[in-house]
Amino acid sequence: MFFGDVQVLCLYMSCLGCLCVFGVHRLLTLWRYLQGRKVFSESEPLEVGRYPFVTVQLPVFNERYVVTRLIEAVVGLEWPRDRLQIQVLDDSTDETTSLAMEAVRQGCLKGLDVSLIHRENREGYKAGALANAMPQVRGEFVAIFDADFVPQPDFLQQVMPRFREGVGMLQARWGHINRERTVLTRLQAILLDSHFVVEQAARSMNGLWFNFNGTAGVWRVQAILEAGGWSHDTLTEDLDLSYRAQLAGWNFG
């Protein structure tokens, strides 16, 4: 056997070993998910008069095709108007700003507390926009949605009852508007579902660490502050804050 053949064989066996380890990890995660479902209980509905104050933050940058849809969806959330604040965190340099301003105006006409916070610079990018808006947050909780998301009207009704003492963040599952459009979108949806439905659910139900995925989640403001707030020292500000919050003693769900 030539020396080159030995190298190829070693590389092949190394790849095969990595795949075997990955497969075992997937099976263990699935087992934890199935075990966790046996003890997982649904949350009780919120009692009338006990709705916490929620601030919804929408960080956007040059999203002219979807920004109106996003704001209209958030304005339509089923939550007491006097317990809801909506912040559009706009760093845009195109017509997104004017479109967002009009959608904000329409939301205000419906009696909601909707505001647009526009920055002339993009210092810190998304993390910078979130950190910049924190002093104006009135809510006890902060829900965050990226521009390409369309939260269902009952999103807060479904998520907020799951906040228990010591829970700092709840991550919601992502849906897919174009799941059935092509074979590629179906495969992408399956991969994302395996992450949210199985992996993160298994970690949550078994008290294991996991991270906020940057959107479609709700944070307790106290957890953000105790963890040191949003930082743009890294490109993965969601992962960074998640681990700092869990190191500070907060649980995720």
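Relevant structure appears above.
Thresholds applied
- Every chain begins its residue count from 1, and numbering advances along the sequence as written.
- Owing to the predicted nature of the model, reporting of local features is limited to residues with pLDDT of at least 70; listing and counting of side-chain atom pairs is limited to 80 or more, with chain, interface and lining totals taken over all residues.
- Computation of side-chain values: all heavy atoms of the structure, hydrogens and water removed.
- Patch members must show over 30% relative accessible area and no salt bridge, and they are joined within 9 Å when carrying like charges or within 5 Å when they are nonpolar side chains of Val, Leu, Ile, Met, Phe, Trp or Tyr.
- Each accessible area is a Shrake-Rupley result for a 1.4 Å probe, and residues are judged covered by the shown protein chains and nothing else.
- Definition used for salt bridges: Asp or Glu carboxyl oxygen within 4 Å of a side-chain nitrogen of Lys or Arg.
- What counts as a helix is a DSSP run of H or I of at least four residues, what counts as a strand is a run of E of at least two, and both are numbered from the N terminus.
- DSSP calls a pair of strands paired once it identifies at least 2 bridges connecting them.
- Any two residues whose heavy atoms approach within 4.5 Å at even a single point are treated as in contact.
- Fitted lines through C-alpha atoms serve as axes, helices being fitted only where they are in contact, and the angles separating the N-to-C directions of these axes extend from 0 to 180 degrees.
- Only protein chains enter the accessibility calculation, which uses a 1.4 Å probe; a residue whose area is less than 20% of its type maximum is buried, one above 50% is exposed, and one in between is partly exposed.
- Roughly parallel here means an angle under 35 degrees, roughly antiparallel means over 145, roughly perpendicular means 65 to 115, and every remaining angle is called oblique.
- Left-handed is the label given to a crossing in which the near helix is rotated counterclockwise from the far helix by less than a right angle, and right-handed is the label when the rotation is clockwise.
- Under the scheme applied here, ten amino acids are nonpolar (Ala, Val, Leu, Ile, Met, Phe, Trp, Tyr, Cys and Pro), four are charged (Asp, Glu, Lys and Arg), and all others, including Gly, are polar.

Considerations on a nonpolar patch on the surface
Part 1 of the argument: Together, Leu9, Tyr12, Met13 and Leu16 make up a nonpolar patch on the protein surface, roughly 390 Å² of accessible area in all.
Part 2 of the argument: Mapped onto the secondary structure, leucine 9 falls in helix H1 (residues 3-37).

Digging into the sheet that holds strand E5 (residues 167-171)
Part 1 of the argument: Strand order in this open sheet of seven strands is E3-E2-E1-E4-E6-E5-E7, and the pairing throughout is mixed. Two strands bound the open sheet, and with one partner strand each, they are strand E3 (113-118) and strand E7 (251-252).
Part 2 of the argument: Across the sheet, helix H2 (residues 67-75) touches strand E1 (54-60) and strand E2 (84-90), and the angle it forms with E1 is around 175 degrees.

Observations concerning the pairing of strand E4 (residues 141-144)
Part 1 of the argument: Because side chains alternate across E4, one face comprises the buried residues Phe141 and Ala143, and the other comprises Val142 and Ile144, equally buried.
Part 2 of the argument: One ladder, built from four bridges, connects E1 with E4; its direction is parallel. Looking at E4, one finds that glutamine 57 is bridged to isoleucine 144.
Part 3 of the argument: Sheet analysis places E4 next to strand E6 (residues 217-220), joined by four bridges and oriented antiparallel. The residue bridging alanine 143 from the neighbouring strand is valine 218, located in E6.

Side note on the environment of glycine 139
Part 1 of the argument: Of note, glycine 139 is situated in the loop between helix H4 (125-133) and E4.
Part 2 of the argument: Residues glycine 139 and proline 52, 87 residues apart in the sequence, show an inter-C-alpha distance of 7.8 Å.

Considering the packing of H2 against helix H3 (residues 96-109)
Part 1 of the argument: Interhelical geometry of H2 versus H3 gives an angle of 20 degrees and a closest axis separation of 9 Å. Here H2 is positioned roughly parallel relative to H3, judged by the angle of their axes. Along this stretch, H2 crosses H3, giving a crossing that reads as right-handed. Residues Val67, Thr68, Ile71 and Val75 of H2 touch H3, and the partners they reach there are Thr96, Leu99, Ala100, Ala103, Val104 and Gly107.
Part 2 of the argument: Tallied by class, the residues present in the contact of H2 with H3 amount to seven nonpolar, three polar and no charged.

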